[in-house]
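Examination of the molecular architecture
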Amino acid sequence: MRESILRKLQEISGSKYVLTAPEDLVCYGYDAQHVEHCPEAIVRAGSAEEVCAILHLANEEGLHVTPRGAGTGLSGGSVPAAGGLVLDLGRMNRIIEIDQSNLLATVEPGVITADLASAVEAVGLMYPPDPGSIKVSTLGGNVAENAGGLRAIKYGVTADYIKVIEGATPTGEFFKAGAVTMKSVAGYDLVHLLCGSEGTLAVFTKLTFKLLPLPKARRSMVGLFSQLTQAAETVSAIISAGIMPATLEIMDNVTIRTVEEFKKIGLPIDAGAMLLLEVDGASAQVAEEADKAASIMTSHNASEVQVASTHAERDRVWEARRSALAALARVRPTAILEDATVPRSQLADMVSEINRIADKYSLTIGTFGHAGDGNLHPTILTDQRDKEEMARVEKAIEEIFNAALQLGGTVSGEHGIGFAKSRYLAREVGPGTLGMMRTIKSALDPKGILNPGKIFTDQTT
Amino acid sequence: MLNELDRLTFNCIKCGYCKAACPVYKEIGEEAASPRGRVRLIRGVYGGDVSLSQRYRKLIELCISCRACTAECPSGVSPNQAVLNARHHLAIECGIPLIKRLIFRRAMTARRMFPASAKLLGFLQRAIILQSRYSPARLILPILGLPFDKAIPYFQLKTFRDRMPEVIPTTNRKYRVAYFVGCGADLIYPEIGEAVVNLLTHFGVEVVIPREQMCCGTPVFTSGDFEGAKYLARQNLKVLSNLDVDAIITACGSCGTTIKHEWHDLLGIEVPSELTSKVYDITEFLTDCLAVLLSAHTPKAKTITYHDPCHLVRGMGVRNQPRKLLSSLADTRYVELVGADTCCGGGGAYSIYHPDMSRKIGERKADNILKTEADLVATGCPVCILQLREMFSIAGISRQVEHTAVVLNRALKEKSQK
Ligand SMILES: Cc1cc2nc3c(=O)[nH]c(=O)nc-3n(C[C@H](O)[C@H](O)[C@H](O)COP(=O)(O)OP(=O)(O)OC[C@H]3O[C@@H](n4cnc5c(N)ncnc54)[C@H](O)[C@@H]3O)c2cc1C
Ligand code: SF4
Ligand code: SF4
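Please read all numbers here as calculations on a predicted model, not as lab measurements.

With respect to spatial proximity, 37 residues lie near ligand 1, and among them P67(A), G69(A), T72(A), S133(A) and T138(A) are the closest. Close to ligand 1, residues of chains A and B are found. In the environment of ligand 1, an oxygen atom lies 2.7 Å from a nitrogen or oxygen atom belonging to the backbone of P67(A). T72(A) is positioned such that a nitrogen or oxygen atom in its side chain is 2.7 Å from an oxygen atom of ligand 1. When the free accessible area of ligand 1 is taken as 970 Å², the share hidden by the protein chains comes to 98%. Mapped onto the shell around ligand 1, the elements with two or more residues apiece are strand 3 (65–68), helix 5 (139–145) and strand 10 (203–210) of chain A. Top element by residues in the shell around ligand 1 is helix 5 of chain A. It accounts for five residues. Split into classes, the residues belonging to the shell around ligand 1 amount to 15 nonpolar, 18 polar and four charged.

Laid out in structure tokens, this is it:
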């Protein structure tokens, strides 16, 4: 990067917050997806003014800018695919206000999701979106990816909670979109355009979220099945019976085994699959729904149903689910996690498809996911260094996505397109929709400086 | 060596779970100062895209070895272990700074010289009153790169081991144990050693304090000097293997962890499992082997809390035992500390090499302790005691900080007086 640009960046944010050492560059070249690209410099912005000034400068100089939260993205969104600058928002991490009377929280984008969740819980409220990465990911990253979470089935995703977004447009203009009122139709719904925009349409500097009252009671349970498809069928049965669990997750045998090896919490390593379910709400309703869910599991061939009776037991259940991905990574050196999502009723078919594909290409695939949302994370366990195997992996991924699309699904339920899935996007949305997306992008970012290489690639058209 | 670094780091999937746990990253906020970043850098050294630069060294040295990252990592990577190996690699490739080499190779490994230098230091301290916060003698501290107001522990004129007989008998002997004193209790806080010995003999345990024991080696290998640490480990092993005892007692999480795990896992020394399984922290031995519960004793404090030393809780896995003992004290209330098991920033010699970082981490801890409104905080490691006392003294706040064994021993004495 040119000296003169660096000097200007240092003027904007202070030289302490402009990093250019090679050691720093490699550490800002990755996220939780496995492809890396180094930036030429990193700026750790401290305020909205700085962010505007940086984008302004970037437009003048034709400098690529990739926003970054905690770098836990699974589609490579914060990886600076075209080099240039990484704009780290982690320093902007103040919880500005928790407004108990209007049930709102206003934060800077670098606040860690779990920090907001526990701050509002301390005053009897709930911020429902809880991605598996909750202890690490930032709210800015959550909004940019429209992150889902374990509670999405009942409570929805980040888009259902974001009310106001402040930030900088790609040309460096300050903007404020949305309203804190319950309802608002003042112009285009920019909040929901920006939510899920993967850092390609704006950089967020301040976010206001809706909160909910904390449910009075909750109960968790685990159902064991000898076959994955049985578990998948049970999911539909539970929902059709009118029960709306707060969380309904699935783990296959490969996942159960690896998590158990890591956590040693007494998971049944020979079960074919496990459903993890939690209901919450008023005490009486919780008890009734829990009983009903348990009996549905039993009548759908669950060999065992265990209801957590203490807090510790409950925590263990969810801890198990949260460690699924990383625990799978113990099995082989490279874990490639996919994000195929189908309508809930097609879950059992999707599961069988994944099994078939694993067999066909002789690969180990561990499958877990937000079963209640029809969102599966088939995780291929492989070794990047094995060229021949990687070729099979590529083909398998292709087939998994095709299967998901054939069943009426989507290529990304929650991790976004990033660069990892950009070549599948056109297949899902078709040329008209893709054209509309491209028009929006080029209208807002005429020079294409903000997070280039994401969502769209040359192969997308 | 490079292969070793690759093996230790290859399974990292960059999920970032370890970032949430790292106290150093929390203060700096730069990815390269996070465990995930360090793992990437170490892999880079193997892969050839990172060189052994000053910046690399600094980032590798900034780790305080609290092991919080390792406890979080679901992929089985131990960023903390990888860092220690990276330091060893640096030591091999770039050498160890002269001053450390003098301390580790000359002073600490010579059986008599280390205690002797500490005693000399104790004498000098008394002669030039370094202790007074405003003493002009403190002007030497900034020259050594330390803050002017850095607390310097008083080194003893006579070490704990010098003062004690080698065997301390008991009536109704149930067990016979060896006490591995460690440098902290030996040279700085002899009251810890006295408390350990009193407690054990009181409950029917004969205590042997092997004369020839040396430093466990933690400060040596954490600096990358594996050779020096291996020498110490082998000497100690010789001493500990020839004793006819039921257990080896430590009152310092680092000594315990080092003997139990690091001699084997890090330094690759054959340590018989009969020996490692005999290592107990004092609180662990009291509860698990002697079933001691000290009910009906009255210590001075009304409210007590407890800070988990990193190596005691994550290294030795001792979490419940000290809490159980402290909660059993009558007329006192035990309150749990928020973030009890996060590092206090002491980290052995870390506070000397990284005074600013050490202080930042320590201040967070001190704040949390103040929130409990406890008038006494117990802990299980001399370095944590030193650090916490310094944090309170800087803030001008009076709070008792004591070793768990000291608190228990005091309770015991007060009971016998009644
Ligand atoms: C173990 C694990 C479990 C996960 N579980 C889930 C899950 O259950 N559900 C789910 O949805 N995701 C999950 N994820 C994916 C990931 O955590 C989410 O996508 C998360 O929202 C990313 O947040 P981040 O702060 O790490 O953002 P980053 O990875 O740093 O960035 C993600 C995207 O957001 C953009 N961005 C970041 N900050 C801003 C900002 N202030 N303004 C504009 N753009 C910005 C970046 O440019 C990038 O495109 C998981 C990831 C891991 C590693
Ligand atoms: S927790 Fe483990 S796998 Fe995840 S980033 Fe840290 S070292 Fe890597
Ligand atoms: S050992 Fe502690 S300081 Fe070192 S990287 Fe791990 S968490 Fe951070």
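This paragraph deals with the nonpolar core. Ranked by size, the top nonpolar core spans 87 residues in total, and within it Y179(B), I192(B), V196(B), L200(B), I209(B) and L286(B) carry the most contacts. Core analysis: the second largest hydrophobic core is formed by 57 residues, A232(A), I250(A), A348(A) and I365(A) among them.

Residue and element names in this part refer to chain B. Residues in close proximity to ligand 3 total 13 residues, the closest being C22, R38, C63, C66 and C69. For the shell around ligand 3, the elements supplying multiple residues, two or more each, are helix 3 (23–28), helix 4 (35–47) and helix 6 (68–72). When grouped by side-chain class, the residues that make up the shell around ligand 3 number nine nonpolar, two polar and two charged.

For the rest of this paragraph, the subject is the side chain of R151(A). All names here are of chain A. Assignment of secondary structure puts R151 in the loop between helix 5 and helix 6 (152–155). Assessed through its relative accessible area of 14%, R151 is described here as buried. Within the structure, the side chain of R151 is placed 3.4 Å from the backbone oxygen of Y127, a separation counted as a polar contact. With residues up to four places along the chain from it excluded, the contact list for R151 reads M126, Y127, P128, D130, G156, R218, A246 and T247.

Now for the packing of helix 22 (residues 355–372) of chain B against helix 23 (residues 382–395) of chain B. Residues and elements named next belong to chain B. Where helix 22 meets helix 23, the closest approach of the two axes is 9 Å, and the angle between their N-to-C directions is 80°. One way to sum up the angle between helix 22 and helix 23 is to call them roughly perpendicular. In this structure, helix 22 contributes S358, R359, G362, E363, K365, A366, I369 and L370 to the contact, and helix 23 contributes Q387, L388, E390, M391, F392 and I394. Of the residues assigned to the contact of helix 22 with helix 23, the class counts are seven nonpolar, three polar and four charged.

Turning our eyes to something else, we now look at the interface of chain B and chain A. Listed by partner, the interface residues are 31 residues for chain B and 35 residues for chain A. Of the roughly 2,500 Å² buried between chain B and chain A, counting both surfaces, carbon and sulfur atoms make up 55%. Applying the counting criterion to the chain B and chain A interface returns five salt bridges. Here R40(B) and E36(A) are joined by a salt bridge, their closest N and O atoms 3.0 Å apart. For the pair chain B and chain A, the number of links is 13 residue pairs in polar contact (both at pLDDT 80 or more). Secondary structure elements with two or more residues in the side of chain B that touches chain A: helix 2 (17–21), helix 4 and helix 5 (54–61) of chain B. In terms of residue count, the dominant contributor to the side of chain B that touches chain A is helix 4 of chain B (four residues). A per-class count over the side of chain B that touches chain A returns 13 nonpolar, eight polar and ten charged.

All names here are of chain B. The parallel open sheet is built from four strands, whose spatial order is 7-6-8-9. Edge positions in the sheet fall to strand 7 (333–334) and strand 9 (400–403), since each has one partner strand and no second. The pairing of strand 6 (residues 303–307) with strand 7 spans two bridges and is parallel. The residue of strand 7 that forms the bridge with I304 is Y334. Helix-sheet contacts for helix 20 (residues 320–327) involve strand 6, strand 7 and strand 8 (376–379), and the interaxial angle to strand 6 is about 170°.

Residues and elements named next belong to chain A. At E198, a position not held by glycine, the phi torsion is positive, near 55°. Structurally, E198 can be placed in the loop between helix 7 (190–194) and strand 10. According to the relative accessible area criterion, E198 is buried, its value standing at 6%.

Here we take up the pattern of salt bridges. In total, this model carries 44 salt bridges over all chains according to the counting rule given. Residues E336(B) and R323(B) are paired through a salt bridge, measuring 2.8 Å at the closest nitrogen-oxygen approach. Pair noted here: E336(B) is in the loop between strand 7 and helix 21 (350–353) and R323(B) is in helix 20, with a separation of 13 residues, a long-range link. Relative accessible area serves as the criterion here: at 11%, R323(B) is assigned to the buried category. Through salt bridges with shared partners, a single ionic network connects E36(A), K14(B), R40(B) and D49(B).

All names here are of chain A. Most of strand 10 sits out of view: six of its eight residues are buried. For strand 6 (residues 104–107) and strand 10, the ladder comprises four bridges, and the chain directions are antiparallel. Bridging from a neighbouring strand, V107 pairs with L207 of strand 10. Across six bridges, the pairing between strand 8 (residues 162–168) and strand 10 is antiparallel. Each bridged residue has a counterpart across the sheet, and for I162 the counterpart in strand 10 is F209.

Definitions and cut-offs
Residues numbered from 1 in each chain as written. Chains lettered and ligands numbered in written order. Predicted model: local features only at pLDDT ≥ 70, side-chain atom pairs only at ≥ 80, totals over all residues. Heavy atoms only, no water. Near = heavy atom within 4 Å. Polar contact = N/O pair within 3.5 Å; in protein donor to acceptor, adjacent residues only side chain to side chain. Areas by Shrake-Rupley, 256 points an atom, 1.4 Å probe, with all protein chains shown as cover. Helix = DSSP H or I, 4+ residues; strand = E, 2+ residues; numbered from the N terminus. Nonpolar A, V, L, I, M, F, W, Y, C, P; charged D, E, K, R; others polar. Core = buried A, V, L, I, M, F, W, Y, C linked by side-chain atoms within 4.5 Å. Buried < 20%, exposed > 50% of the residue type's maximum accessible area, 1.4 Å probe, protein only. Contact = heavy atoms within 4.5 Å. Axes fitted to C-alpha atoms, helices over the stretch in contact; angles between N-to-C directions. Parallel < 35°, antiparallel > 145°, perpendicular 65-115°, else oblique. Buried area = accessible area lost by both parts, 1.4 Å probe. Salt bridge = Lys/Arg side-chain N within 4 Å of Asp/Glu carboxyl O. Pairing = 2+ DSSP bridges.

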